[in-house]
Amino acid sequence: MLDQVLGMPEQMAEAERIARRAGYGPRCSSRLVAVAGMGGSGIGAELVRGLLAQDSALTVVPCRDYCLPAAADRSSLCFVVSYSGNTEETLSAFEQARRRKCRIVAITSGGRLTEASARLGIPTVRVPAGLPPRAALGYLFVPLLVGLEKLGLCRSYRRDMAETVKLLCSRRRALHRQARLIAAGLCGCLPSVYSTSRLLDAVAERWRCQLNENAKVMCHTNVLPEHNHNEVVGMGKPAFLARRSVLVALLDATTHPRTRERLAHVLDITRGAFVNKVELEMRGGPDLARMFGLIMLGDLVSVELARLLRVDPMPVARIDELKRRMGRGKERQ
Ligand code: F6R
């Protein structure tokens, strides 16, 4: 898993080559883009939404359930993303997209999604198989962004991508050193990861999912300034949490200056509600690079925490067991 995380920039570069060669079909003028996908295959949609919110009028709606939003119709574009190609909820949303005659593009490494797309002549970006889906973020995220560009729905991120790959390569050793220190501070504690900008909301979520799946621990997330209007009151309760909470705040150039002020006040008035706090910010480069810098850092923290907790970051037994049980239930229906 550590090798996979450290190889993220190379994977992003390869994903871009794959996506640039892939056929997405003719350009379109959809205003609504629904993206169906779960877990490691769903987070890419949230990241794209966060990124495009900064400089595009396109509405990206991540869909992480069996059904598409009612607004998705024949004028909409629907990306269907499943690394395995066999995820039940995603296949159900795929069927719905077909029934509603959405324009569909599939992103997958195989499975039933590949078979159905080939049979129906649906454009498919086929990515390399054999990884845990969460370790294939580059393969699952980059084709979304390149696809939107090729379909004429957003600007080109080609230069941003090249800069991101370069920055991640040059910073990965320093990020790894930083991750070891952060992981040591999280050991035995409940991390609360707070995003302070809409660019970083999905990054905080990625931190949570990676801590869940790699380190096998719980993690709490929330966003500022919304947090200031509710959660701030409950922080540190029940009391055992105060002794075991670590606050991780993700900051960025896109964080509103008043939100920075808010964070400083929160840290002051909730002193005693957490044992430690870490403020993290990537500097330099385009939005995409700062986003992926913090993602890589979070991924590394999750692997280093797994090491400290002596758990294997690779298996996700409970996810597999749930899929098995649900599969059995389906056979009986
Ligand atoms: C496993 C992981 C999971 C899967 C999810 C959906 O590494 O990250 O969250 O991504 O169960 O499966 P796929 O990605 O195959 O559609």
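It should be noted that the structure appears before, not after, this text.
Reading guide: rules and limits
Residues numbered from 1 in each chain as written. Predicted model: local features only at pLDDT ≥ 70, side-chain atom pairs only at ≥ 80, totals over all residues. Heavy atoms only, no water. Helix = DSSP H or I, 4+ residues; strand = E, 2+ residues; numbered from the N terminus. Rg over C-alpha atoms; globule rule 2.2 N^0.38 Å. Buried < 20%, exposed > 50% of the residue type's maximum accessible area, 1.4 Å probe, protein only. Contact = heavy atoms within 4.5 Å. Lys, Arg positive; Asp, Glu negative; His and termini not counted. Charge placed at Lys NZ, Arg CZ, Asp CG, Glu CD. Phe/Tyr/Trp six-rings, centres within 6.5 Å; stacked < 30°, edge-to-face > 60°. Lys NZ or Arg CZ within 6 Å of the ring centre and 35° of its normal. Near = heavy atom within 4 Å. Polar contact = N/O pair within 3.5 Å; in protein donor to acceptor, adjacent residues only side chain to side chain. Areas by Shrake-Rupley, 256 points an atom, 1.4 Å probe, with all protein chains shown as cover. Nonpolar A, V, L, I, M, F, W, Y, C, P; charged D, E, K, R; others polar. Core = buried A, V, L, I, M, F, W, Y, C linked by side-chain atoms within 4.5 Å. Pairing = 2+ DSSP bridges. Axes fitted to C-alpha atoms, helices over the stretch in contact; angles between N-to-C directions. Expected span 1.5 Å × (residues − 1). Right-handed = clockwise from strand over helix to strand, strands pointing away.

Description of the overall build of the chain
Logical step 1: Of regular secondary structure, the chain possesses 13 helices and nine strands.
Logical step 2: Since a compact globule built from 333 residues should have a radius of gyration of about 20 Å, the 20 Å found for the chain is in line with a globular shape.
Logical step 3: For the chain, the spread of C-alpha atoms along the three principal axes comes to 60 × 45 × 40 Å.
Logical step 4: The buried share of the chain, reckoned over its 333 residues, is 53%.
Logical step 5: Taking as baseline every contact in the chain between residues at least 6 positions apart, the subset at least 24 positions apart corresponds to 82%.
Logical step 6: In the chain, which carries 50 positive and 32 negative side-chain charges, the distance between the mean positions of the two groups comes to 1 Å.

Brief notes about the packing of aromatic side chains
Logical step 1: Per the counting criterion, the structure on display carries one aromatic pair.
Logical step 2: Ring centres 5.0 Å apart and planes at 50 degrees place the aromatic pair F141 and F292 in the tilted group. Of this pair, F141 sits in helix α6 (residues 137-150) while F292 sits in helix α12 (residues 287-309); the two residues are 151 residues apart in sequence, bridging distant segments of the chain. One exposure class covers both F141 and F292, and it is buried.
Logical step 3: Its guanidinium or amino end placed over the ring of Y157, R155 lies 4.0 Å from that ring's centre, counting from NZ or CZ.

What about the site of the ligand?
Logical step 1: Every one of the 14 residues lining the ligand counts as a neighbour, but S41, S82, S84, T87 and R134 are closest to it.
Logical step 2: Between the ligand and S84, the relevant distance is 2.6 Å, taken from an oxygen atom to a side-chain nitrogen or oxygen of the residue.
Logical step 3: Starting from 400 Å² of accessible surface for the ligand in isolation, the protein chains cover 93%.
Logical step 4: Here the shell around the ligand is built from residues that sort into five nonpolar, six polar and three charged.

Topic: the nonpolar core
Logical step 1: Formed by 81 residues in total, the largest nonpolar core has its most connected members in L47, F79, F141, L148, W207, L250 and F292.
Logical step 2: A total of twelve residues in this core trace back to one element, the largest contributor, which is α12.
Logical step 3: Excluding anything up to four places from it in sequence, L148 contacts V33, V48, L52, L58, L77, F79, L153 and C154.
Logical step 4: Counting residues in each nonpolar core, the second largest holds 18 residues, with L32, L68, A93 and I122 among its members.

Comments concerning the sheet that holds strand β8 (residues 245-251)
As a general point, the strands of a sheet are linked pairwise by backbone hydrogen bonds and lie either parallel or antiparallel.
Logical step 1: Taken together, the four strands give an open sheet; going across it, the order is β7-β6-β8-β9, and neighbouring strands pair in parallel fashion. This sheet does not close on itself; its edge strands, each paired only once, are β7 (220-223) and β9 (276-281). Each neighbouring strand pair of the sheet contributes to a mean axis angle of 20 degrees, computed without reference to strand direction.
Logical step 2: Sheet topology note: the β8/β9 ladder contains six bridges and is parallel. By the bridge assignment, L247 is partnered in β9 with K277.

Some remarks on unusual backbone geometry
Logical step 1: Residue P225 follows L224 across a cis peptide bond; omega there is 5 degrees.
Logical step 2: The residue P225 is located in the loop between β7 and α9 (231-234) in this model.
Logical step 3: Note that the residue after K237, namely P238, is joined by a cis bond; omega there is -5 degrees.
Logical step 4: By the element assignment, P238 lies in the loop between α9 and α10 (239-242).
Logical step 5: Even without glycine at this site, K216 takes up a positive phi of about 60 degrees.
Logical step 6: Counting through the fold element by element, K216 comes out in the loop between α8 (201-213) and β7.
Logical step 7: Its relative accessible area of 36% is what places K216 among the partly exposed residues.
Logical step 8: With a phi angle near 55 degrees, R310 is a residue other than glycine that sits in the positive phi range.
Logical step 9: Looking at the element boundaries, R310 is found in the loop between α12 and α13 (317-332).

Concerning α6
Logical step 1: Taking 1.5 Å per residue as the helical rise, α6 with its 14 residues ought to reach 20 Å, and the 20 Å between its terminal C-alpha atoms agrees with that figure.
Logical step 2: Following α6 by one or two positions, G152 has its phi on the positive side, about 80 degrees.

With respect to the pairing of strand β4 (residues 103-108)
Logical step 1: Taking burial as the measure, the six residues of β4 include five buried ones, the bulk of the element.
Logical step 2: Two elements, strand β3 (residues 77-82) and β4, share six bridges in a ladder whose sense is parallel. Within β4, the residue paired with V81 across the bridge is I107.
Logical step 3: For the handedness criterion, the β-α-β arrangement of β3, helix α4 (residues 88-99) and β4 is classed as right-handed.
Logical step 4: Looking at chain direction, β4 and strand β5 (residues 124-126) are connected through three bridges and run parallel. Residue pairing across strands places A106 opposite T124, the latter belonging to β5.
Logical step 5: Each parallel crossover has a hand, and for β4 linked through helix α5 (residues 111-120) to β5 it is right-handed.

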